[in-house]
Amino acid sequence: MEQPASAYFIEERHDPNETHTLSVLVANEPGVLARVIGLFSGRGYNIESLTVSETEAQKHVSRITIVTTGTPMVITQIKHQLDRMIPVHRVVDMTLTGRSIERELAMVKLRGIGEHRVEALRLAEAFRARVIDASIESFVFEITGSSSKINAFIELMRPLGLVEISRTGVAAITRGAEGM
């Protein structure tokens, strides 16, 4: 059975989802992080990565770096809603500046003996991962780089006896002499 035609022309939109890294300077006071996260959860926005740290102790300012995904319209809406929050000093879309550096740190625990152990060490060297703990049966590697580099390292370690992963989330900063 066919649906009746509408009297209104409604354009169907299928904008692709984009991943954006947002850097948010906020007042370092109790409850600020909860309010920022509440904005995301209350509207059903997803956070793929979140890092927070005080950056200027004298000014009581913290920096929240959020990696989120959405259509261009949703990303714009997120930025405007963050910008209107009282404890927020500034919101910068690092993805749009095109001049940002993004890094992440991960610790990767691997269990293995024999050939798996040798292969894990060889791969770690190729990815410039450091051994930060070693025992007869296991290694813990520390790797720093882009999220895609860390993902690739983890996928190669899976068949070699991957046990556990701990990731910091993305930290980002713009290139050049200017601050945020």
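Residues numbered from 1 in each chain as written. Predicted model: local features only at pLDDT ≥ 70, side-chain atom pairs only at ≥ 80, totals over all residues. Heavy atoms only, no water.

Let's shift gears to helix H4 (residues 115-126). In this model, H4 (12 residues) spans 17 Å end to end at C-alpha, consistent with the 16 Å of a helix rising 1.5 Å per residue. Arg117, Ala120, Leu123 and Ala124 are the residues of H4 that are buried. Looking straight down H4, one finds that the buried residues subtend no more than 130 degrees of arc, so they occupy a single side. Turned more than 90 degrees off the buried face of H4, the exposed positions are Glu115, Val118, Glu125 and Ala126. Close packing links the buried residues of H4 with strand S5 (100-111), strand S7 (138-145) and helix H5 (147-157). Looking one or two residues beyond H4, the residue adopting positive phi is arginine 128, at roughly 60 degrees. (Helix = DSSP H or I, 4+ residues; strand = E, 2+ residues; numbered from the N terminus. Expected span 1.5 Å × (residues − 1). Buried < 20%, exposed > 50% of the residue type's maximum accessible area, 1.4 Å probe, protein only. Arc of directions from axis to C-beta. Contact = heavy atoms within 4.5 Å.)

Formed by 16 residues in total, the largest nonpolar core has its most connected members in Phe141, Ile143, Phe153 and Met157. Those elements giving two or more residues to this core turn out to be S5, H4, S7 and H5. Of the residues forming this core, the biggest block, 4 residues, is contributed by H5. Membership of the second largest hydrophobic core comes to 15 residues, among which are Val24, Tyr45, Ile78 and Met85. (Core = buried A, V, L, I, M, F, W, Y, C linked by side-chain atoms within 4.5 Å.)

What follows concerns the packing of aromatic side chains. Tallying each qualifying case throughout the model produces 4 aromatic pairs. Among the aromatic side chains, those forming a connected cluster through ring pairs are Phe127, Phe139, Phe141 and Phe153. (Phe/Tyr/Trp six-rings, centres within 6.5 Å; stacked < 30°, edge-to-face > 60°.)

Let us look at the layout of surface pockets. As a volume, the largest pocket reaches approximately 160 Å³. If you list the elements that add at least two residues to the lining of the largest pocket, you get strand S1 (18-27), strand S2 (46-56) and S5. Broken down by element, the residue count for the lining of the largest pocket peaks at 3 residues, all from S1. Looking at side-chain class alone, the lining of the largest pocket contains 2 nonpolar, 6 polar and 4 charged residues. (1 Å grid on protein atoms, 1.4 Å probe; cavity = no way out; pocket = protein on both sides within 12 Å on 5 of 7 lines; lining within 4 Å. Points joined across faces, edges and corners; volume = space filled by probe spheres on them. Nonpolar A, V, L, I, M, F, W, Y, C, P; charged D, E, K, R; others polar.)

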